[in-house]
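What follows is the residue order along each chain.
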Amino acid sequence: MEKSYIVIYNTSVNRLEEDLKNNNITRYIILNNTIASIYVDDSFDEAILNNIDSITWVERSAVMSSLIELTNNLSNGETVRTAAGTEYIYKNPYITPTGEGVIIVIIDSGINYLHPDFINSDNTTKIISIWDQESTLKPPPEGYLFGSEFSKDEINEYINRNDPSLSVDNVGTGTIAAGIAAGLGRGNSNYDGVAIDAELVIIKLKSYKDTFVKGKINYEESDFLAAIKYALEIGNRENKRMVINLTVGCQSRASIEMAMIDSFYELSRSGRILVGGAGNEGNTDIHYSGNIQMTDKSQDIIIQVGEQLNLDITLSPIGPDKIGAAIISPGGEMSYIINYSPDPFVYRGRFSLENTSYEMRYIYPWIKSGTEELAISLKNIKPGIWTLRIFPELIVNGNYSVYLPNKNLISPQTRFTDSASESTITFFGVIKRVITIGAYNDRTDSIWIGSSKGLVVKRPIKPDIVAPGVDIIGPYQNDTYNTATGTGVSSSIVSGVVAIMMSYITSQKEESRNLLFSEPLKTFLMLGATRKDIYTYPNVSQGYGILNLRDTLIAISNNIE
């Protein structure tokens, strides 16, 4: 078994590589001039990384999961054309942008490249390249440790042979995301995607099973960041504008000041846009919020645990507060009480009755938020009522949040008994650089109940806007179609819309190209969004309103005339 870390380094790449090799660490990916992914055996002692002088920060790779759920509801599904409002473009002779000259990146479960929606009329693929992180058909791309890279020419060879074996999407979420964003609709003209002339770059993430529940699939942040690096390299090589669609997400968070993805300088360039789903945790009971004061001896937070293998619990106070914690098992045993210590140390123990082991980490301050991060990992956890007992150490504010992993990774029965639906935006959705999209239900003309909500501490309102994301039709396995729900569906729609916005802007005056950054494009989406009189905007559910492609293009036109 292998585990991975993400490290921040403060020296040259050559010095870092030398230090790693001196410590018998040979599997790593240099992601950029600031961070690297480290891959080691499961028995590796992370204290070795903490003692390497050229490394200034070490953390375990975070678990990620899909923001798309396949719903198998084709007879009642909604077409992308209706959901995104693309009829306004494709039936209007005076508006021509279709995403041409823009690459949409899908980082998910891969793609069914033989689906007609990804094959042009001359029988060539619209995919520039595929990096299948699980493939062993070819050596890894240069600078990477695993997987195989397939070029447009190689994909075309397999298309000509009608051979599906080059790279297979066994899940289907990557295929449907790509089709919603940029599918051609050649399998069914009613089911075309948003930006039909945009090209695709596909990264099939390595999948991991049994992290929390037997049989459930998750992804890893270390592999995801390698995918970002690869996508940016392709964008530079092709010299084209790029929208990176984030359809997988980490655990929810209320307070984030920076993320490892911020270290990619290329993302601050014109024409490099991140669009991401807000998260699917709006009604999943994975978040608890409370307030503790120095006058409180302790507080108990009740967690109902179903049938699962392992569980992670994360405590995040707001501001400079320090809060200690312990775990109490269903049998009444209490773990070690972990309190602040200036030195990094992992506390380990075992509950005898349940035969459940635990690890506890107290990080203060955490580099990503500037606040405390207290992480508890329970291995071989048993069903029942578990209690997180917290203790005030230093309290200025008193507010805190506690999070469980994303619901689609854990048992349906695992939950906080007194949960909070707010502050459930997925980690990357919290970041200012990302255009964060919630999910709207066109059928009921209301927010989708699962769409994650703000607030986000010390950040603007998130999500930025919402877009249709319930039972949207897109390509699937073989030559078929399916429906999908989730904020990853909504982000796929908006990724296509942003590609159209970019091609529209570049077709106008030369000086308007300074608008091809996340903030201006986000502003146009907000300006064009539909807002209902009965709500106050912005709000934590809908952000600045509901996607409106027509009014967004009008807002752009009014600004650059």
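Scroll up a little and you will see the structure.
Below is a short write-up of the structure.

Cut-off values and rules
- Residues numbered from 1 in each chain as written.
- Predicted model: local features only at pLDDT ≥ 70, side-chain atom pairs only at ≥ 80, totals over all residues.
- Heavy atoms only, no water.
- Helix = DSSP H or I, 4+ residues; strand = E, 2+ residues; numbered from the N terminus.
- Buried < 20%, exposed > 50% of the residue type's maximum accessible area, 1.4 Å probe, protein only.
- Pairing = 2+ DSSP bridges.
- Lys, Arg positive; Asp, Glu negative; His and termini not counted.
- Salt bridge = Lys/Arg side-chain N within 4 Å of Asp/Glu carboxyl O.
- Contact = heavy atoms within 4.5 Å.
- Phe/Tyr/Trp six-rings, centres within 6.5 Å; stacked < 30°, edge-to-face > 60°.
- Lys NZ or Arg CZ within 6 Å of the ring centre and 35° of its normal.
- Axes fitted to C-alpha atoms, helices over the stretch in contact; angles between N-to-C directions.
- Left-handed = near helix turned anticlockwise from the far one by under 90°.
- Nonpolar A, V, L, I, M, F, W, Y, C, P; charged D, E, K, R; others polar.
- Core = buried A, V, L, I, M, F, W, Y, C linked by side-chain atoms within 4.5 Å.

Quick word on the environment of P344
With respect to the helices, strands and loops of the structure, P344 is situated in the loop between strand 19 (322–328) and strand 20 (346–351). Its relative accessible area of 63% is what places P344 among the exposed residues.

Side note on the pairing of strand 24 (residues 399–403)
Counting buried positions along strand 24 gives 4 out of 5 residues, so the element sits mostly inside the fold. In this sheet, strand 24 lies alongside strand 16 (residues 287–291) in antiparallel orientation, the contact comprising 5 bridges. If you follow S289 over to strand 24, its bridge partner there is S401. Sheet analysis places strand 18 (residues 310–317) next to strand 24, joined by 4 bridges and oriented antiparallel.

Considering the side chain of K322
Here K322 lies in strand 19. Of the side chains with opposite charge, E393 lies nearest to the buried K322, which makes no salt bridge, at 6.6 Å. Leaving out residues up to four positions away in the same chain, K322 has contacts with Y340, Y362, Y364, E372, F391, P392, E393, L394 and I395.

Here we look at the packing of aromatic side chains
Aromatic rings considered in pairs are described by the distance between their centres and by the relative angle of their planes. Counted according to the given criterion, the structure contains 18 aromatic pairs. Between the aromatic rings of Y336 and Y347, the centroid separation amounts to 4.7 Å while the plane-to-plane angle is 15°, which identifies the pairing as stacked. You can see Y336 sitting in the loop between strand 19 and strand 20 and its partner Y347 sitting in strand 20, a full 11 residues away along the chain. What makes Y336 partly exposed here is its relative accessible area of 43%. Residue Y347 is classed as buried on the basis of its relative accessible area of 16%. The side chain of R161 reaches across the aromatic face of Y158, ending 4.4 Å from its centre. When the ring centre of Y340 is taken as origin, the NZ or CZ atom of K322, which lies over that ring, is 3.9 Å away.

Overview of the packing of helix 6 (residues 173–182) against helix 9 (residues 487–506)
Remark: helix 6 packs on helix 9, axes separated minimally by 7 Å, with the N-to-C direction vectors making an angle of 35°. Regarding helix 6 and helix 9, the two cross each other, and that crossing is right-handed. Touching A177, I180 and A181 of helix 6 are V489, S492, I493 and G496, all from helix 9. Its residues assigned to classes, the contact of helix 6 with helix 9 shows 5 nonpolar, 2 polar and no charged.

Regarding the nonpolar core
Within the largest apolar cluster, 65 residues are counted, with the highest numbers of intra-cluster contacts made by I104, Y113, L200 and V498. Among the nonpolar cores identified, the runner-up in size contains 49 residues, and I29, Y39, W131 and M242 belong to it.

Overview of the pattern of salt bridges
According to the stated counting rule, one finds 29 salt bridges in the structure shown. The salt bridge partner of R361 is E359, with a shortest N-O separation of 3.2 Å. For the salt bridge of K522 with D464, the shortest nitrogen-to-oxygen distance reads 3.9 Å. Here the residue K522 occupies a position in helix 10 (residues 518–528), and D464 occupies one in the loop between strand 27 (446–447) and strand 28 (465–468), the gap between them amounting to 58 residues.

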